[in-house]
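Chain residues, written in single-letter form:
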Amino acid sequence: MTEQEPFYTPDEAREVVAMTRSLVSALRAAGEVSVDDVKRMRRIMDEAVTGGHYHRDRYGINPVHRHLDTALALSQLIAPDRSMTAATLLYNLCQHGGITPNEIAAQFGADTAVLVDGMIHVGELYKRQAAVEDENFHKLLLSFARDIRVILIMIVDRWALMKRINHHPDEKLVHDISMEARYLYAPLAHRLGLYKVKGDLEDMSLKYLNRKVYTQIAEKLNATKKARDQYVTDFIRPIQARLETEDLKFDIKGRTKSINSIWSKMRKQQVDLDGIFDLFAIRIIIDTPRDREKADCWLVYSIVTDIYTPNTKRLKDWVSLPKSNGYESLHITVNGPANKWVEIQIRTRRMDEVAERGLAAHWRYKGIKSEGNLDVWMSNVREILETGSEGQMQLIRSMSMNIYEKEVFVFTPKGDLFRLPQGATILDFAFHIHSNLGCRCVGGRVDGKNQKLNYRLKSGDTVEINTSATQTPRPDWLNFVVTSKARNKIKQAINEVNVRKAGIAKEMLQRRFRNRKISLDEATLARLIKRMGYKSTTDFYVAIHDERLEVNAVIEAYEQQVERQSETAENAAPHGTAQDFVLRSTPDEAASTGDILVIGSGVKGINYKLSKCCNPIMGDKIVGFIGSDGAVKIHREDCNNVRHLAERYPYRIIRSRWSGKIGSQFAVTLKVIGRDDIGIVSNITSVINKSGDTALHGVSIQSNDGMFEGVLTLGVSSLDTLDELIKKLLALKGVKQVDRL
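**Focus on empty space enclosed by the protein**
Take a probe with the size of a water molecule and roll it over the atoms, and the empty space left behind shows itself.
Here is step 1: All chains considered together, the criterion is met by 4 cavities of 30 Å³ or more.
Here is step 2: The volume enclosed by the second largest cavity comes to roughly 40 Å³.
Here is step 3: V672, V681, I684, T685, V699, I701, F708, G710 and L712 are the residues that line the second largest cavity.
Here is step 4: A breakdown of the residues in the lining of the second largest cavity according to their chemical character gives 7 nonpolar, 2 polar and no charged.

Structure, rendered in structure tokens:
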């Protein structure tokens, strides 16, 4: 720094000396900083100024002056520990290379170095141009700070800075700093119980962002301050007198709301200043035993409403039914002298302590959104600060800052900030932004470096997604994404691709079946697909499309499936009969008994079976079907199964007919329907038993509404015998119908 360009202006030089003395006095009185600490910090800063390591920022603000101001404000508002003071004064110098973190640790301890690192780390966030009013930015700030003392320093630093930028020539600077104060630091100060700082930040923000409105409200309040103070005094006097006559111990506090609070209510209620009900606020705190709290609160309510007319619509009774967070109080609004509305809060000393320091955290009581564990964590910090106990910073220092350890906060190149669960990848982030972006994602650039799809993101990363028009979602993506949105979108995209593949494969398979002149039955194909182990028809067709399954192999398996189904149908016992009517002709039997069946061109001595699906008997018109085991299955010509087989395998059908006689009986099933008269079953069985060459093997009778339906399993020698038996059954009284099954 040259003599022609002094680092301090004359006013700054005087203020720096005065602030240093005040700071030393305050810190030494608190016993936090030794004489050696003060000398060491002052020497480091002076040498940095002489060596040209300090530089005014781009807005012309002197960093030494600013950070001394912040340190002094900390000592007045919070009673900081030694590390906080040293970090406040040295972090800017460390950030610009005037002192190293190791040198800070060596001279002031590792704890100070940790705070300096946290402040520098948080400072990096402002380079991302993120929206500070974004709730995600608040959470990222807490994650980056690593120590709540860093947040406390930053809040007070902003409070001190806001006081110095009134009428600053750079309007953008004033606007940006005021926006950060309003939407970032004021809410944090509120949650931490720094109510004065919070109120000042909000008022100054309104002043700098909307000076006209601020000035109008301030001038009106200032013009009437004396009158308002007198009004509050006059308003309280009759209440105080009545309370004293009831021998109540109490305190009464009166106040006017802050300018920002008044402006907020004016906008919310869409009224002018005179229309604000609770411009004046009175709090009555009574000392009373726990068992008389409710009664005495309502006694005070009765006294107040005897004196002033209440607005019953604005009564809020949290004494009879406390809020879920434990807050208890009676809120009433009354019409005072000169027709002015005044809000009164009535509570006991215990209720007031709970409201201010206990279960009902003030920020929550005002309606700020709850954030789970952050509620408890912020409440603990606030209570330590409000208690003002010795060693409070030691307690705060020991508190963990891992409140967002299950989340990560990442930026886009434009500065937009997004929250994702811990373990989220570049692919999760891409799907979080947009489904199409995720489907085409091939990787990303994280802080300028190329990374793969499965790169695990860290808080503060700036991520740019790389895409390709040829990229499509793959099943293996599901192995590393963690967000439900990404998983659902990947599955949905894969299903859409598979549906398209399945449609192409299905059309190809149907064309192959037509070329082979094979009729495709969907039910049979469905059973084949299940038999082959595919969970769905889509999976089956996708396997064909991807050439993991050969079409000719599918057709061959389909033909085998049809044959298996035919055999299953043939082997099914009709209507529960247990008798096996399989006939087998051998060459020896053919020589001794003569030919029973003539098959084709008179082939003799082959194995055959009478199919159980239709139970053919001597005299029926029949056909043969060559089975996979070489045996011929004999069906009636009108059998549905043989029609199905003939359509698919016409080359395996053999013309057949009965020839000669056979010494065994054939299985046949009859269905008999008639009136349910007494003795009808006995009559039916009697007719069967009297018929020659006929045997009854089973009877099943069901009766309903005076009618019966019977199923008879018989053994007969020929079709002629069967026809004769059916005629006899129809001749019985009460029998209406006899059909062969």
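Once you've had a look at it, read on.
**Quick word on the packing of helix α4 (residues 82-95) against helix α6 (residues 110-123)**
Here is step 1: Between α4 and α6, whose axes approach to 8 Å, the crossing angle comes to 50°. Classed by the angle they form, the pair α4 and α6 counts as oblique. As for the relative orientation of α4 and α6, their crossing is right-handed in sense. Listed contacts from α6 to S83, M84, A86, A87, Y91, C94 and Q95 of α4 are D111, T112, L115, V116, M119 and I120.
Here is step 2: Per-class residue counts for the contact of α4 with α6 are 9 nonpolar, 3 polar and 1 charged.

**Some details on unusual backbone geometry**
Here is step 1: Here the phi dihedral of H167 falls at roughly 65°; this positive angle occurs in a residue that is not glycine.
Here is step 2: Along the polypeptide, H167 turns up in the loop between α8 (148-164) and α9 (171-191).
Here is step 3: One non-glycine residue, A338, lies in the positive phi region at around 60°.
Here is step 4: Of note, A338 is situated in the loop between β5 (330-335) and β6 (341-348).

**Remarks on the nonpolar core**
Here is step 1: Within the largest apolar cluster, 62 residues are counted, with the highest numbers of intra-cluster contacts made by Y54, L68, I155, M162, I165 and L201.
Here is step 2: If you tally residues by element for this core, the top one is α8, at 11 residues.
Here is step 3: Counting residues in each nonpolar core, the second largest holds 27 residues, with V632, V687, I688 and V738 among its members.

**A look at helix α26 (residues 640-648)**
Here is step 1: Along α26, the positions that sit buried rather than exposed are V642, L645 and R648. Along α26, the residues classed as buried sweep out an arc of 125° about the axis, all on the same side. With respect to the buried face of α26, the exposed residues turned more than 90 degrees away are N640 and E647.

**Digging into the sheet that holds strand β10 (residues 449-451)**
Here is step 1: Pairing in this open sheet of 3 strands is antiparallel, and the strands run β10-β9-β11 from one edge to the other. The sheet terminates laterally at β10 and β11 (463-467), the two strands that pair on one side only. On average, each strand axis in the sheet is tilted by 30° relative to the strand beside it, whichever way the strands run.
Here is step 2: Where strand β9 (residues 441-446) meets β10, 3 bridges bridge the pair, whose relative direction is antiparallel. Bridge pairing links G444 to Q451 in β10.

Thresholds applied
- Residues numbered from 1 in each chain as written.
- Predicted model: local features only at pLDDT ≥ 70, side-chain atom pairs only at ≥ 80, totals over all residues.
- Heavy atoms only, no water.
- 1 Å grid on protein atoms, 1.4 Å probe; cavity = no way out; pocket = protein on both sides within 12 Å on 5 of 7 lines; lining within 4 Å.
- Points joined across faces, edges and corners; volume = space filled by probe spheres on them.
- Nonpolar A, V, L, I, M, F, W, Y, C, P; charged D, E, K, R; others polar.
- Axes fitted to C-alpha atoms, helices over the stretch in contact; angles between N-to-C directions.
- Helix = DSSP H or I, 4+ residues; strand = E, 2+ residues; numbered from the N terminus.
- Parallel < 35°, antiparallel > 145°, perpendicular 65-115°, else oblique.
- Left-handed = near helix turned anticlockwise from the far one by under 90°.
- Contact = heavy atoms within 4.5 Å.
- Core = buried A, V, L, I, M, F, W, Y, C linked by side-chain atoms within 4.5 Å.
- Buried < 20%, exposed > 50% of the residue type's maximum accessible area, 1.4 Å probe, protein only.
- Arc of directions from axis to C-beta.
- Pairing = 2+ DSSP bridges.

Distances and angles like these do not, on their own, reveal function.
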